Amino acid sequence: LPPPPSDPMRSQLRPGRALRGGWRVSPGAVSAITALASLLFVGVALVPGPGDAGRRRGAVLGSVFTTSNYAPQFKKLTKELFNVAFNECDKDDSGFIELEELKSMIIQLMLIEGVEMAETETAGLPRDQAAMGWERMQRDLIDKVSSSEYREHRAKEVLNYLDRDGDGKLSREELQSAFSPEFISEISTPEMGEVEYCEKLDRYIRVLKALGMIDAQRVADVKKDPFQDAETATKTTKAIIKILKKGH
């Protein structure tokens, strides 16, 4: 879903004018908002820190590293994962995501936006000022997430932005258009080693969580840490697919 201009995920989700004039939160939140959003960030930050990629690459290279091309496996898994996640969101089995269904999905995006904005706006502040900022934002964000009127407002903005044919609902193709062209290009490479496979599969799952297509709480016991090897990445993704299928 199109994030605010300052959102670090804008390289993975397609930015859009429709949401830019909307929600701006005051600086700040750690306690309740961290509890609410913690399952969305299980084991890994949405945007890796400066040393994360290097540490993960070293961890993968330190394991049994193979030179296999994982691109076909990645394409197959992500296609199945997207379709299963879409079906899970499509509660009435209409083949489309309608406004009421989108209102449920929007909560995870709002939490991620709020926590990331708080991190950005309190970065570099003294500890006491940052804590006060988080507390202020905590109250603001909980109010917004709890407001059915505000969730509907955000859902309508997203629907209007992605609904290309104007039929008031989102097809699979329209929902996929939330991904930026750069992100699609990056994950669609014909050659993919084990390191890339782990990193891109990790990122793809995080983006689906941000879209509200994967309920982070339901997969929390399965997906806890960044993938360190291709076997774990494949098994975990298949486990997530199985959980989503069972729920639907």
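Before reading on, note that the structure itself is shown above.
Our subject in this report is the structure included herewith.

Attention now goes to helix H6 (residues 127–146). Here H6 spans 28 Å end to end across 20 residues, near enough to the 28 Å set by a 1.5 Å rise per residue. Those residues of H6 not exposed but buried are Ala-130, Gly-133, Trp-134, Met-137, Gln-138, Leu-141, Lys-144 and Val-145. For H6, the buried positions fall inside an angular range of 155 degrees around the axis, keeping them on one side. Residues of H6 that are exposed and point more than 90 degrees away from the buried face comprise Asp-128, Arg-139, Asp-143 and Ser-146.

Before going further, it helps to spend a moment on the pattern of salt bridges. Applying the stated criterion across every chain yields a total of twelve salt bridges. Across the pair Asp-202 and Arg-206 runs a salt bridge whose closest N-O atoms are separated by 3.9 Å. Remark: Arg-206 and Asp-202 occur in helix H10 (residues 194–210); sequence separation between them is four residues, near one turn of the helix. Through salt bridges with shared partners, one network takes in Glu-100, Lys-103, Glu-152 and Lys-156.

What follows deals with the environment of Ile-214. Tracing the backbone shows Ile-214 in the loop between H10 and helix H11 (230–247). In this structure Ile-214 touches Leu-81, Ala-85, Gln-108, Ile-205, Leu-208, Lys-209, Val-219, Ile-240 and Leu-244, once residues within four positions along its chain are discounted.

So, on to the side chain of Ser-177. Here Ser-177 shows up in the loop between helix H8 (172–176) and helix H9 (181–187). By relative accessible area, Ser-177 is classed as buried at 8%. At 2.4 Å, the side chain of Ser-177 and the backbone oxygen of Glu-174 are in polar contact.

Calculation criteria
- Residues numbered from 1 in each chain as written.
- Predicted model: local features only at pLDDT ≥ 70, side-chain atom pairs only at ≥ 80, totals over all residues.
- Heavy atoms only, no water.
- Helix = DSSP H or I, 4+ residues; strand = E, 2+ residues; numbered from the N terminus.
- Expected span 1.5 Å × (residues − 1).
- Buried < 20%, exposed > 50% of the residue type's maximum accessible area, 1.4 Å probe, protein only.
- Arc of directions from axis to C-beta.
- Salt bridge = Lys/Arg side-chain N within 4 Å of Asp/Glu carboxyl O.
- Contact = heavy atoms within 4.5 Å.
- Polar contact = N/O pair within 3.5 Å; in protein donor to acceptor, adjacent residues only side chain to side chain.

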